[in-house]
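# Results of the structural survey
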Amino acid sequence: MPLRREATARQMRLGVELRRLREGAGLTAIEAAALLGANRAQMSHLESGLAGVSEERLRRLASHYACTDEPFIDALVAMATDRTRGWWEEFRGLLPTSFLDLAELDHHCSFRHEVAILYVPGLMQTEDYARAVFSARLPELTSDELELRVRHRIRRQQVIIPYKLVIHESALRIRVSDRAASRAQLVRLVDLSEADHITLRVIPFDLDDFATASSTMTYVGGPVSKLDTVVRDAPHGSLFIDSEAQLNVYRTRFRRVEDASLAPARSRDFIHKLAKEL
């Protein structure tokens, strides 16, 4: 099988999980490669996501690694054999790879939990709001680059998944554009909060003793909990976090934020009141 020129985040995650299984079994890359009749370089390519793996070989590796978690193995097989060419492929070569990785993550996720502090999250943004956010980027984008990013962001919003959002009052009040655009964004949040798959909560400024609200986070559910992912913004794209210890930290953090925030009905009323003030 020819090597990929560049692995997607999903392909790299599969490789990472196979490496973790191997290391958990106490095997070296050379020893694992011998089990497949391969060499160390081929195992390295497999564990970096640059080479694919068949279902038969993956299940053989899982057996050698003494992994008995069948739902987890099945999920890895699905990742290895998936040949989906999603809508995001039309942007390949036009947008940074991280944009495509986020869209692919949306497509395969089972739920999404998000805490937003300074900006309305991309999945909830109006077109004018998204355009204003991207227009503030430095170095400045060309008009074509700007419109590509806006089009990609709006297209991502068509994926319907269980979505819990906790948004800080600061994100609701900061005007990334003019008054009209800000009001339209608040109205959109109120409308979207009525959707069956969306639960929106607000963290008001006057909430006491709530340092947990100082950090933006996106927690994305996988087919099994071991394949969950946390997405954090980074200077040159998105950072994907997938270690079990870190996932547990972010699971706990979201639960605390959710428990301390306003209930959905009160949150909806809160946002509606802000919109009327504009």
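Residues numbered from 1 in each chain as written. Predicted model: local features only at pLDDT ≥ 70, side-chain atom pairs only at ≥ 80, totals over all residues. Heavy atoms only, no water.

## What to know about the overall build of the chain
Of regular secondary structure, the chain possesses 12 helices and six strands. Across the 278 residues of the chain, 46% fall into the buried class. Taken as a whole, the chain presents about 14,600 Å² of accessible surface, with 51% of it coming from carbon and sulfur. Taken together, the 39 basic and 39 acidic charged side chains of the chain have centroids lying 1 Å from each other. (Helix = DSSP H or I, 4+ residues; strand = E, 2+ residues; numbered from the N terminus. Buried < 20%, exposed > 50% of the residue type's maximum accessible area, 1.4 Å probe, protein only. Areas by Shrake-Rupley, 256 points an atom, 1.4 Å probe, with all protein chains shown as cover. Lys, Arg positive; Asp, Glu negative; His and termini not counted. Charge placed at Lys NZ, Arg CZ, Asp CG, Glu CD.)

## Points about unusual backbone geometry
Omega for the peptide link from L138 to P139 comes to -5°, which places this bond in the cis form. The topology assignment puts P139 in the loop between α7 (127-135) and α8 (143-156). At A66, a residue that is not glycine, the phi angle is positive and equals roughly 60°. Using a relative accessible area of 61% as the deciding quantity, one classes A66 as exposed.

## Some words on helix α10 (residues 179-192)
The end-to-end C-alpha separation of α10 is 20 Å, in line with the 20 Å expected for 14 residues at 1.5 Å each. Capping the start of α10 is the job of one residue whose side-chain oxygen sits 3.3 Å from the backbone nitrogen of A180: D178. (Expected span 1.5 Å × (residues − 1). Polar contact = N/O pair within 3.5 Å; in protein donor to acceptor, adjacent residues only side chain to side chain.)

## Section: the environment of D196
Looking at the element boundaries, D196 is found in the loop between α10 and β3 (198-203). For D196 and P162, which are 34 residues apart along the polypeptide, the C-alpha to C-alpha distance reads 8.4 Å.

## Here we look at the layout of surface pockets
Estimated volume of the largest pocket: approximately 1,200 Å³. If you trace the largest pocket, you find 42 residues lining it, with F134, R137, R153, D233 and G237 closest to the centre. Of all the secondary-structure elements, those providing two or more residues to the lining of the largest pocket are α6 (97-108), β1 (111-116), α7, α8, β5 (229-234) and β6 (237-241). Along the lines of polarity and charge, the residues of the lining of the largest pocket split into 22 nonpolar, 11 polar and nine charged. Volume-wise, the second largest pocket comes out at about 770 Å³. (1 Å grid on protein atoms, 1.4 Å probe; cavity = no way out; pocket = protein on both sides within 12 Å on 5 of 7 lines; lining within 4 Å. Points joined across faces, edges and corners; volume = space filled by probe spheres on them. Nonpolar A, V, L, I, M, F, W, Y, C, P; charged D, E, K, R; others polar.)

## What to know about the packing of α7 against α8
The contact between α7 and α8 brings their axes to 9 Å, and the two run at 135°. When the axis of α7 is compared with that of α8, the two are oblique. The hand of the α7/α8 crossing is right-handed. Of α8, the residues touching α7 (which contributes E127, A130, R131, F134 and S135) are L146, E147, R149, V150, R153 and I154. In the contact of α7 with α8, the residues fall into five nonpolar, one polar and five charged. (Axes fitted to C-alpha atoms, helices over the stretch in contact; angles between N-to-C directions. Parallel < 35°, antiparallel > 145°, perpendicular 65-115°, else oblique. Left-handed = near helix turned anticlockwise from the far one by under 90°. Contact = heavy atoms within 4.5 Å.)

## Describing the packing of helix α1 (residues 9-24) against helix α3 (residues 40-48)
It is the contact of α1 with α3, at a shortest axis distance of 6 Å, that shows an interaxial angle of 120°. Relative to α3, α1 is oriented oblique. Across from M12, G15, V16, L18, R19 and R22 in α1, the residues of α3 making contact are L46, E47 and S48.

## Comments concerning the pairing of β3
For β3, the buried fraction is high: five of the six residues fall into the buried class. Judged from the six bridges that link them, strand β2 (residues 163-168) and β3 form a sheet pairing that is parallel. When the sheet's bridge partners are listed, K164 is paired in β3 with T199. (Pairing = 2+ DSSP bridges.)

Everything listed is a geometric property; what it means functionally is a separate question.
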